[in-house]
Amino acid sequence: MARLMGQMMQMPLMISSLLRHAARHAGDVEIVSKRVEGDIHRYTYRDAELRARKLAQALARLGCEASDRVGTLAWNGYRHFEIYYGASGSGLVLHTINPRLFPEQIAWIVNDAEDRVLCFDLSFLPLVEKLAPQLRSVQHFVLMAGRSHMPAQSTLANLHSYEDLLEAEDGVYHWPEFDENTASSICYTSGTTGNPKGAVYSHRSTLLHSYGLSMPDAMGVGGADVILPVVPMFHVNAWGTPYAAPMIGAKLVFPGPHLDGKSLYELMEAEKVSFSAGVPTVWLGLINFAKAQNLRFSTLKRTVIGGSACPPAMMRTLEDEFGVEVIHAWGMTEMSPLGTLARLKAKHRELPVEAQRRILEKQGKAIFGVDMALVGDEGQALPWDGQSSGNLVVRGPWVIRSYYRRDESPLIGLDGQQWFPTGDVAAIDADAFMQITDRSKDVIKSGGEWISSIELENIAMAHPAVLEAAAIACAHPKWDERPLLVVVRKPGAELTREQMLGFFEGRIAKWQVPDDVAFVDEIPHTATGKIQKLKLREMFKGHKLPGS
Ligand code: ADP
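Conventions we followed
- Residues numbered from 1 in each chain as written.
- Predicted model: local features only at pLDDT ≥ 70, side-chain atom pairs only at ≥ 80, totals over all residues.
- Heavy atoms only, no water.
- Helix = DSSP H or I, 4+ residues; strand = E, 2+ residues; numbered from the N terminus.
- Buried < 20%, exposed > 50% of the residue type's maximum accessible area, 1.4 Å probe, protein only.
- Contact = heavy atoms within 4.5 Å.
- Lys, Arg positive; Asp, Glu negative; His and termini not counted.
- Charge placed at Lys NZ, Arg CZ, Asp CG, Glu CD.
- Near = heavy atom within 4 Å.
- Polar contact = N/O pair within 3.5 Å; in protein donor to acceptor, adjacent residues only side chain to side chain.
- Areas by Shrake-Rupley, 256 points an atom, 1.4 Å probe, with all protein chains shown as cover.
- Core = buried A, V, L, I, M, F, W, Y, C linked by side-chain atoms within 4.5 Å.
- Pairing = 2+ DSSP bridges.
- Right-handed = clockwise from strand over helix to strand, strands pointing away.
- Axes fitted to C-alpha atoms, helices over the stretch in contact; angles between N-to-C directions.
- Expected span 1.5 Å × (residues − 1).

This part is about the overall build of the protein. Looking only at helices and strands, one finds 15 helices and 26 strands in the protein. Counting only C-alpha atoms, the protein reaches 70 × 70 × 45 Å along its principal axes. Looking at the protein residue by residue over its 548 residues, the buried ones come to 57%. The long-range share in the protein, meaning contacts at least 24 apart out of those at least 6 apart in sequence, stands at 66%. One way to put it: in the protein the 56 positive side-chain charges average out to a point 1 Å from where the 63 negative ones average out.

Below, the structure is given as structure tokens:
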């Protein structure tokens, strides 16, 4: 039987429409950037849209054709923002590259993505010059600066000044409309094992994700907000903020490479930032600076913290001492990235503060658009009882179904549907709040029981003398694995092994208390600011636990 079809306009969801909308409806709203050069640049959405149009013209003049990849090695800044729109908006594919990766990895990624143009900030000129002989597909190098910053000499053939390219164009350009399922951008996962894999987003997935994250129970941002994404634009598109901000007409503030506590604090205050987002490690720096100087935030109201588990102690400090609400969020590159955020339900309002906090410490509820399930070892669906812990799988219009140029499907079947396995172990309670136990490869398996490294780290981080802590599995002859806690003390603080272990008493079951503590000066971090567990496990491979 023929179905009656809806009679609404067919308007493809296009990334360019976000910036066009902002230029028309929030044309005078500012985008403020702290530049690599150290000075402040400010202009408006109206200016940004015109320059993005000029960039689209310039990229076409360089010979770019539909779906050609445009790579970026850049900090958060207005030119990077323009490339987001100039490239994707004109039908090219934006490929943001994490400059903190090893140079060989960067070259591998550029070659895998077949970037035709590579745009980069001044800070990365030496890196790009060094890598250029290995970059097989790149035909044009674009230094994101004006002519005065161009090097007198460079080994790079076809090196252009970004500003020169724009200056040569008139901006008379109409954003094209095409299939909304067309690729808009590529992000590679850091690939802790094996080569990185590319997640290819579409215009449609990006816009839907943008709507999703702007909802009140998600990031809950609006036109009255001033948004400073600390999370880099090369880390899963700064979690979607460069798309959501123009969608809602919010002022954007970009910190450039200046991510230390002092620079961030001063920029937040000067630009009246109300909302921010970043991984826990950047907040460590910001909190330490503000505490040491006895400073408070006068406009910052809320911040999303995710990318790795936010220690409850950090949430408390931000809320109690600084009056900043923390929204704990979980997601991954393969999910554009947002999956869940912890926000209270109406029925939680009457609960005592402590009980509310325990709810908000979880990774939270799925945004509409993301469906979750837990899978047990036999491939069966597990109940949402807050106790059963299993492999977390997801599905939705902003979740990948395959990786760039990989034939094998990553998906698994469950209850007649296809799901993406996240590699995380989690439990979901009856109120649909998800809590991550661990990445499956980081779980500590002691005598057939699992110990959550995140739980151990959260406890350790609550000790006043601890700056950072990581729990890893150490081989044990009897129990297979036992937890070793690696700790960085706060500068000048004293803490012994016995004091640290004693702190776990009463906070966790006895058999879960780490067997040993190793004090180090620094814990290694990945290119996205997460604790590098693989490296830590290698460092402590031969560590002999007491009594083993
Ligand atoms: P990578 O850094 O490995 O490239 P992603 O940045 O996509 O990958 O990281 C995704 C992973 O980060 C998740 O699968 C999860 O293990 C971890 N993660 C993200 N947010 C949280 C959180 N709030 N709590 C615990 N783990 C998190």
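Next, the rest of the story.
Attention shifts here to the site of the ligand. Inspection of the region around the ligand gives 17 residues, with Ser-190, Ala-329, Thr-333, Asp-424 and Lys-530 positioned closest. Note that an oxygen atom of the ligand is positioned 3.2 Å from one of the side-chain N or O atoms of His-235. With respect to the ligand, the backbone of Ala-309 contributes an N or O atom lying 3.2 Å from a nitrogen atom. Notes on the ligand: free accessible area 570 Å², of which the protein chains cover 94%.

Generally speaking, a soluble globular protein has its nonpolar side chains buried in company with each other. One finds Ile-31, Tyr-45, Phe-81, Ile-83, Tyr-85, Met-219 and Leu-392 to be the most contacted residues of the largest nonpolar core, which totals 85 residues. Ranked by residues supplied to this core, first place goes to helix α2 (residues 45–61) with seven residues. In contact with Phe-81, not counting residues within four places along its chain, are Leu-19, Ile-31, Tyr-45, Ala-48, Met-233, Pro-242, Pro-246, Leu-252 and Phe-254. One finds Val-253, Trp-283, Ile-444 and Ile-451 within the second-largest nonpolar core, a separate group that totals 46 residues.

Before going further, it helps to examine helix α8 (residues 241–248). With seven of its eight residues buried, α8 lies for the most part within the structure. Gly-249 occupies a position one or two residues after α8 and carries a positive phi of about 75 degrees.

Look at the link from Ser-336 to Pro-337: it is a cis peptide, with omega at 10 degrees. On the secondary structure map, Pro-337 appears in the loop between β14 (325–331) and β15 (338–341). Unlike most non-glycine residues, Glu-114 shows phi in positive territory, near 60 degrees. Mapped onto the elements, Glu-114 comes out in the loop between α4 (103–113) and β5 (115–120). Classification of Glu-114 as partly exposed rests on a relative accessible area of 38%. The phi dihedral of Asp-480 falls on the positive side, at around 75 degrees, and the residue is not glycine. Here Asp-480 is to be found in strand β25 (residues 480–489). Residue class for Asp-480 comes out exposed when judged on its relative accessible area of 55%.

Moving on, we get to the pairing of strand β12 (residues 275–278). Of the two faces of β12, the one holding Phe-275 and Ala-277 and the one holding Ser-276 and Gly-278 are both buried throughout. Bridge analysis of strand β10 (residues 226–229) against β12 gives three bridges, and the strand direction is parallel. Across the sheet, residue Leu-228 finds its bridge partner in β12, namely Ser-276. Of the strand pairs in this sheet, β12 and strand β13 (residues 302–305) are connected by four bridges, and their pairing is parallel. The residue of β13 that forms the bridge with Ala-277 is Val-304. On the question of chirality, the crossover connecting β12 to the parallel β13 by way of helix α10 (residues 280–292) is right-handed.

Strand order across the open sheet formed by seven strands is β7-β6-β5-β3-β4-β8-β9, with mixed pairing between neighbours. Because the sheet does not close on itself, it has two edges, and the strands there are β7 (159–161) and β9 (198–202). Here the average twist between neighbouring strands, direction ignored, is 25 degrees. Where β5 and strand β6 (residues 140–143) come together, four bridges link them in parallel fashion. Paired with Leu-118 across the two strands is Phe-141, which belongs to β6.

So, on to α2. For α2, built from 17 residues, the straight-helix expectation of 24 Å at 1.5 Å per residue is met to within 8% by its first-to-last C-alpha distance of 24 Å. Taken as a whole, α2 has its buried residues at Tyr-45, Ala-48, Glu-49, Arg-51, Ala-52, Arg-53, Leu-55, Ala-56, Gln-57, Ala-58 and Leu-59. Looking one or two places after α2, you find Gly-63, whose phi comes out positive at around 105 degrees.

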